[in-house]
Amino acid sequence: MSAALHLTEVGPLERAAHRVGTALLRWSEQRAARTTFTTTGAQTGAARDAARLAFEQRTAQEARQRHWEALAAATPRLR
């Protein structure tokens, strides 16, 4: 069973929250991709950037899943 909702089935507040969340996700991914770190440890700057980007993508995906689960739980089921 899928908990995903089409954006036509939610209200304007949810659509606005989704747009803001997606914009923040894109900004975060772009920031992580262009940020370079100077490291003195074993990791190189490129490896650290890639690890940070992967972490941000993973946490963003988990946040999106929690958001949609909360929307699905609050929305009455239509038959």
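Above this text you will find the structure in question.
Reference entry: report on the structure contained in this document.

Conventions and cut-offs
- Residues numbered from 1 in each chain as written.
- Predicted model: local features only at pLDDT ≥ 70, side-chain atom pairs only at ≥ 80, totals over all residues.
- Heavy atoms only, no water.
- Salt bridge = Lys/Arg side-chain N within 4 Å of Asp/Glu carboxyl O.
- Helix = DSSP H or I, 4+ residues; strand = E, 2+ residues; numbered from the N terminus.
- Buried < 20%, exposed > 50% of the residue type's maximum accessible area, 1.4 Å probe, protein only.
- Expected span 1.5 Å × (residues − 1).
- Contact = heavy atoms within 4.5 Å.

### Examining the pattern of salt bridges
Here is step 1 of the chain: For the structure shown, the criterion picks out 1 salt bridge.
Here is step 2 of the chain: For Glu56, the salt bridge is made with Arg52, and the minimal N-O distance between the two is 3.2 Å. Pair noted here: Glu56 and Arg52 are both in helix 2 (residues 45-74), with a separation of 4 residues, about one helical turn.
Here is step 3 of the chain: Given a relative accessible area of 39%, Arg52 falls into the partly exposed group.

### Regarding helix 2
Here is step 1 of the chain: The terminal C-alpha atoms of helix 2 lie 43 Å apart, and with 30 residues this matches the ideal 44 Å at 1.5 Å per residue to within 8%.
Here is step 2 of the chain: Where helix 2 is concerned, the buried positions are Gly45, Asp49, Glu56, Ala60, Trp68, Leu71 and Ala72.
Here is step 3 of the chain: Each element contacted by the buried residues of helix 2 is listed here: helix 1 (12-34).

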